[in-house]
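What follows is each chain in one-letter form.
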Amino acid sequence: MKSPLSTKPGGMTRRAAFGLAAGAASLALGAPSLRAASQRIRIGLATKTWWPSVVADVAVKQGLFAKAGLDPELTVYRSGGESFEAQAAGAADLITGLVSQIATGRTRGVNTKILALSASANTGWRLLVKTGSPIKDVKDIAGRKVGITTAGSLSDVMALWTRAQHGIDFTSVPLGGGGLVPNLLSGNVDAAVVYSPLSFQTLQARQTVSLLDYAAAMPSHLAVSWSAPDTLIGKQPEMLRAALAALYGAVVHLQKNRDEAVRIIAEANSVSEAVAAQEFEETFMKLSTDGRFTVAQVEAASDLARLGGFKNLAPPDQIYTTAFTPVVAA
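This structure is a prediction, so every number in the text was calculated from the model and none was measured.

## Some remarks on helix 13 (residues 295-307)
With 13 residues, helix 13 extends 18 Å between its outermost C-alpha atoms, agreeing within 8% with the 18 Å of an ideal straight helix rising 1.5 Å per residue. Of the residues making up helix 13, those classed as buried are Q297, V298, A301, S302, L304 and A305. Taken around the axis of helix 13, the buried residues stretch over an arc of 160°, which confines them to a single face. Phi for G309, located one or two positions after helix 13, is positive at around 105°.

## Notes on the pairing of strand 5 (residues 94-97)
Along strand 5, one buried face is formed by L94 and T96 and the opposite face, lined by I95 and G97, is buried too. One ladder, built from two bridges, connects strand 3 (residues 39-45) with strand 5; its direction is parallel. Residue pairing for strand 5: I43 is matched across the bridge by L94. Of the pairings in the sheet, the one linking strand 5 to strand 12 (residues 224-229) comprises three bridges and is antiparallel in character.

## A word on helix 1 (residues 51-61)
When you tally the buried positions in helix 1, you get 10 out of 11 residues, the bulk of the element. The positive-phi residue at the C-terminal boundary of helix 1 is G63, with phi of around 75°.

## Describing the pairing of strand 3
Across the seven residues that make up strand 3, a large majority, five, are buried. For strand 3 and strand 4 (residues 70-76), the ladder comprises seven bridges, and the chain directions are parallel. Its bridge partner being in strand 4, L45 is matched across the sheet by V76.

## Brief notes about the side chain of S100
Looking at the secondary structure, you find S100 in helix 4 (residues 99-107). If we skip the residues at most four places from it in the chain, S100 touches V157, A305, F310 and L313.

## Describing the sheet that holds strand 9 (residues 171-174)
If you trace the five strands from one edge of the open sheet to the other, you get 9-8-10-7-11, paired in mixed fashion. Looking at the sheet topology across the chains shown, the edges are occupied by strand 9 and strand 11 (208-213). Each strand axis lies, on average, 30° off the axis of its neighbour in the sheet, ignoring direction.

## Thoughts on the confidence of the model for the protein
Predicted coordinates in regions of low pLDDT should not be interpreted in detail. Taken residue by residue, the protein gives an average pLDDT of 89. The fraction at 70 or more is 89%. Predicted confidence for residues 14-36 stays below pLDDT 50, and this span has 65 contacts to residues more than four positions away or in other chains.

Conventions and cut-offs
Residues numbered from 1 in each chain as written. Predicted model: local features only at pLDDT ≥ 70, side-chain atom pairs only at ≥ 80, totals over all residues. Heavy atoms only, no water. Helix = DSSP H or I, 4+ residues; strand = E, 2+ residues; numbered from the N terminus. Expected span 1.5 Å × (residues − 1). Buried < 20%, exposed > 50% of the residue type's maximum accessible area, 1.4 Å probe, protein only. Arc of directions from axis to C-beta. Pairing = 2+ DSSP bridges. Contact = heavy atoms within 4.5 Å. Axes fitted to C-alpha atoms, helices over the stretch in contact; angles between N-to-C directions. pLDDT = per-residue confidence, 0-100.

As structure tokens, then:
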């Protein structure tokens, strides 16, 4: 296996190429297979240290894409907003999509749809302040600077929801995924919407204090999904089914192998095993293993987007397809 790393505008790409014997490409447990080996699929990942990057990398290393005859190109962006822009520009086939992105994008002519649910809550996401900060309550961030990754990202969605839910206003400062914690700890921002395992890492080190746990504060909804363009859904559905089988197969593998999963999470994110264990229990064990979702979950996510200030949203029934669920994990 050859996995070179190279940089390119908007992200970092990891290309995993696999050789397959002719006619041997098939997925276990009745999952879909592709006749042609090494069909390229471009997967956009929102940021290096968020759980989808670990899942995709494990799917590569376990050979799950290879069994499906796929040659995955993994590109890590600075945020979910950037990965969605890449998909809109035709540079990514499959990304972790948000209802807010897909619904607003569709009204602007960016035609993508939700294929499968990944998470029904924003697990691990916290509104953090630096330890010793005079800010003791969510309402205290009114008029302050709050770090997010980029506009249109999941951190932005939660920041907007926080404004609406608590009736306050503050300045959102885009810092990229890697810039959230350094800028919070240095005092460049007063608070930050931080994803796990970075949130768990700073909390365990007593560097930060949590003002809000978004997984507990927000109602269950279609929080994170895998999404693809309409054109690909129509022309290459089997490729998408095979890719989803590989990704959900990686989730199943991780959930069934706790010790291995904790080690992988720790190594991938350069965190301690204690932090990785918390990430495993609070995030990875709550990921969907078959992608099933309900219309009510899509509608709930749309309602939360509107509450957060998103406008011109396409109707819920226009932004998803049920043709790919339940996913049969590889």
